Amino acid sequence: MRMKIWVLLILTSSFILWPLKHHGLPPSHDAETHIIRSYQFDKTLRDGDWYPRWQPDVNKGYGSPLLNYSYPLPYYVISIFHFFGFSFIDGFKLALAFATITGGILLFLWARIFWGNLGGLISSTVYTFSPYHIVDLYVRGALGEIWSLALFPGFLWAVTMLIKKKNVNFFVPSALFLGLLILSHNILAYMFFPFAIVYCVVITMISGETKKSLVYVSSLILLGLGISGIFWIPALLEKEFVRGLLVYNIYEHFPEVYQLIVPSWGTGFSNTDLSNQMSFQIGIVNILAVLTNIFILLQLFKKNIKDAVVIIFFLIVFFVVMFLLLNVSYPVWKYAPFLNYFQFPWRFLSLEILISAFLAGSILKFWNVRVLGYILVLVTILLTIGYITPSYYWEREDSYYFSRPNFMDGTNISGNIFNTIWFDEELKKQKEKIVIISGHGTVSDLSIKSTKYVFTLIAQTPLTAQVKTAYFPGWEVKVDKKTTAIHKTKEGLFEFNISSGKHLVEVKFTNTPIRKAATFVSLASLTILFLFSRGLFDRMKR
């Protein structure tokens, strides 16, 4: 029986990925952006920056600090696939596939703790085949969100095993999953975080040993935040150096009630014509699962009060999230601190499908008819199978994107809205990276890497040289191995002065004190987690 469940689990998770085997890309909102971003990430990584923060070739060749603010985990995955010979396009599709299968497995492992193997399979299938999950895959091309949807069930599984099953061996996986979740998509991690905290409190209350469990949970949260600190600390503390982080009008992106309930499909954006908007439906099976659990509660109060508390918690969260999805909640969005960082209210569908999928598995525990379970799995697939057939494909190679100005001359984000606060967007593209703007001299032996330019400068007179790179904190210039002052220009570039003579010059993008501190926090957290895991291993051997 257990082997059959695992075979069905892999088959159902894989079935949704069938369109990705086709050559080229299914058209989606963000796919091409991710191709460029992964190319820039990989290039910087190969040039020696083990944590890339700079895109060297975009923005008309002046570069962009987008990677300092963008989740890194999916791009590391694509870089691994590229290392083994896959194109960036295929690496992108493989990253989507790997995350989808991983998410299906982890959701199953979490749900089966409560509902058993078949119930876990139902929850996993409903999660994988939820319409919004398919929207993320084939309409939005939301690589980071797909990874976040994959890893959050992993955290819930590990922390549930730690608290409910009192298995301390899951302390390390819990912290790791939390850290990886934040590294996979900061906005969804921010959304999931309050839910995760309350979930841990609820599971702790019904499992006993409250004080001990809360100590474990508090510790793993701190370690998870610490592991991912290399990303979120600079992104948060250096946000004033960029513009375009909050440019969306939230009120334009609320779905209507009927859009959440009535099946529909479209490939447009959320504020486009109604006939072609992306789907906001929660899913027929998802909604039926929620409604069914209301009736299940009537049985549970007589049989199992602990499971009743769990279901009540999930139902409450489901309807709270439903409220936040609708425009009646606009005053909350307007005045609640930091809520506008979610950008689009419909992003809460990520939490809605998780909750409803989990509740779907409970049906089998209380109506123990196995045939019903397999029927639910089949119906879930059949109701959404039509959504996983792209109408066409972009039959392109990697070079198509890297050689065209419409892809490389922007900032590599939707609408080209993201840039440093100093950069003049009217600047023209330049061939030279180093230009002498006053005085006389020549540049030779120029070596250009993603974040490092080394060259010889022979100055007949004292001169000023300008670096045709967007200024951003971290860029520094060394002349004959000594750091020299740099000056921002009114166009948002930077320049330096040099005396007459022959000089070796190195222009390099380095870590600011904030980034160095963030790196230390992550390394220290990983070290603590490693030492804790070694202690567990030694205890197991004894």
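All values derive from a computational prediction rather than experimental measurement.

In the contact formed by helix H2 (residues 31-46) and helix H3 (residues 73-83), the axes pass within 9 Å of each other and the chain directions differ by 70°. Taken together, H2 and H3 sit at an angle that is classed as roughly perpendicular. Within the contact between the two elements, H2 uses His34, Arg37, Ser38, Phe41, Asp42, Leu45 and Arg46 and H3 uses Tyr75, Tyr76, Ile78, Ser79, His82 and Phe83. Counted by class, the contact of H2 with H3 contains 6 nonpolar, 4 polar and 3 charged residues.

This part takes up the environment of Pro263. Examined against the element boundaries, Pro263 turns out to sit in the loop between helix H11 (257-261) and helix H12 (284-303). Pro263 gets classed as partly exposed once you look at its relative accessible area, which sits at 41%. For the pair formed by Pro263 and Glu506, sequence separation is 243 residues and the distance between their alpha carbons is 59 Å. Non-local contacts of Pro263, meaning those with residues more than four positions away in its chain, are made with Gln281, Ile284 and Tyr387.

The buried fraction of strand E6 (residues 463-467) amounts to 5 of the 5 residues, a majority that puts the element mostly inside the structure. The two faces of E6 match: Leu463, Ala465 and Val467 on one face and Thr464 and Gln466 on the other face are all buried. Pairing of strand E3 (residues 434-438) with E6, which is carried by 4 bridges, proceeds in the antiparallel orientation. Along E6, the bridge assignment pairs Ile434 with Val467. Pairing between E6 and strand E10 (residues 494-498): 5 bridges, direction antiparallel. The residue bridging Leu463 from the neighbouring strand is Ile498, located in E10.

Take the layout of surface pockets next. Roughly 350 Å³ of internal volume is contained in the second largest pocket. Residue lining of the second largest pocket: 22 residues in total, with Pro56, Asp57, Gly61, Lys429 and Lys433 positioned closest to the centre. If you list the elements that add at least two residues to the lining of the second largest pocket, you get helix H19 (405-408) and strand E4 (441-449). Class assignment for the residues of the lining of the second largest pocket results in 7 nonpolar, 4 polar and 11 charged.

It is characteristic of soluble globular proteins that their nonpolar side chains tend to be buried jointly. By size, the foremost hydrophobic cluster in this structure holds 175 residues, and its most contacted members are Trp110, Phe155, Phe195, Tyr199 and Phe314. When residues in this core are grouped by element, the largest group, 21 residues, is from helix H4 (residues 88-128). Not counting the four nearest positions on each side in its chain, Phe314 is found in contact with Trp110, Phe195, Tyr199, Ile355, Phe358 and Leu359.

As a further point, take helix H17 (residues 370-384). The terminal C-alpha atoms of H17 lie 22 Å apart, and with 15 residues this matches the ideal 21 Å at 1.5 Å per residue to within 8%. Those residues of H17 lying buried are Gly373, Leu376, Val377, Thr380, Ile381 and Thr384. The arc that holds the buried residues of H17, viewed along the axis, is 125°, so those residues lie on one side. In H17, the exposed positions angled more than 90 degrees off the buried face are occupied by Val371 and Leu382.

So, on to the pattern of salt bridges. Scanning the entire structure with this criterion turns up 11 salt bridges. Lys93 is the salt-bridge partner of Asp90, the closest N and O atoms lying 3.8 Å from each other. Placement of the pair is Asp90 and Lys93 together in helix H4, with a separation of 3 residues, close to one helical turn. Residue Asp90 is classed as partly exposed on the basis of its relative accessible area of 31%. In this structure, Glu145 and Arg140 form a salt bridge, with 3.0 Å as the shortest nitrogen-oxygen distance. Given a relative accessible area of 1%, Glu145 falls into the buried group. Of the residues examined, Arg140 reaches a relative accessible area of 5% and is grouped as buried.

The strands that make up a sheet are held in pairs by hydrogen bonds between backbone atoms, and each pair lies either parallel or antiparallel. An order of E4-E5-E11-E7-E8 is seen for the 5 strands of this open sheet, with the pairing classed as antiparallel. With partners counted over all chains shown, the strands left at the sheet margins are E4 and strand E8 (482-484), one partner each. Between one strand axis and the next, the sheet turns by 25° as a mean value, whatever way the strands run. The sheet contact formed by strand E7 (residues 475-479) and strand E11 (residues 501-509) spans 5 bridges and is antiparallel. Opposite Lys478, over in E11, you have Glu506 as the bridge partner.

Okay, the environment of Val139 next. Position of Val139 among the secondary structure elements: in helix H5 (residues 131-140). The class of Val139 is buried, set by a relative accessible area of 3%. A sequence separation of 112 residues divides Val139 from Pro27, and the C-alpha atoms of the two residues are 7.1 Å apart.

Unlike most non-glycine residues, Lys60 shows phi in positive territory, near 60°. Among the structural elements, Lys60 can be located in the loop between H2 and H3. Even without glycine at this site, Lys481 takes up a positive phi of about 70°. Relative to the helices and strands, Lys481 is located in the loop between E7 and E8.

Moving on: the packing of aromatic side chains. Within this structure, the stated rule accounts for 56 aromatic pairs. Ring centres of Phe254 and Trp333 lie 6.1 Å apart, and the angle between their planes is 85°; this geometry places the pair in the edge-to-face category. Linking Phe254 in the loop between strand E1 (242-243) and H11 with Trp333 in helix H14 (residues 330-335), this pair joins segments that are 79 residues apart in sequence. One exposure class covers both Phe254 and Trp333, and it is buried. Among the aromatic residues, ring-to-ring pairing joins Trp110, Phe114, Trp115, Phe152, Phe155, Phe192, Phe195, Tyr199, Phe313, Phe314 and Phe358 into one connected group.

Cut-offs and rules
Residues numbered from 1 in each chain as written. Predicted model: local features only at pLDDT ≥ 70, side-chain atom pairs only at ≥ 80, totals over all residues. Heavy atoms only, no water. Axes fitted to C-alpha atoms, helices over the stretch in contact; angles between N-to-C directions. Helix = DSSP H or I, 4+ residues; strand = E, 2+ residues; numbered from the N terminus. Parallel < 35°, antiparallel > 145°, perpendicular 65-115°, else oblique. Contact = heavy atoms within 4.5 Å. Nonpolar A, V, L, I, M, F, W, Y, C, P; charged D, E, K, R; others polar. Buried < 20%, exposed > 50% of the residue type's maximum accessible area, 1.4 Å probe, protein only. Pairing = 2+ DSSP bridges. 1 Å grid on protein atoms, 1.4 Å probe; cavity = no way out; pocket = protein on both sides within 12 Å on 5 of 7 lines; lining within 4 Å. Points joined across faces, edges and corners; volume = space filled by probe spheres on them. Core = buried A, V, L, I, M, F, W, Y, C linked by side-chain atoms within 4.5 Å. Expected span 1.5 Å × (residues − 1). Arc of directions from axis to C-beta. Salt bridge = Lys/Arg side-chain N within 4 Å of Asp/Glu carboxyl O. Phe/Tyr/Trp six-rings, centres within 6.5 Å; stacked < 30°, edge-to-face > 60°.

Nothing here speaks to function; it is geometry throughout.
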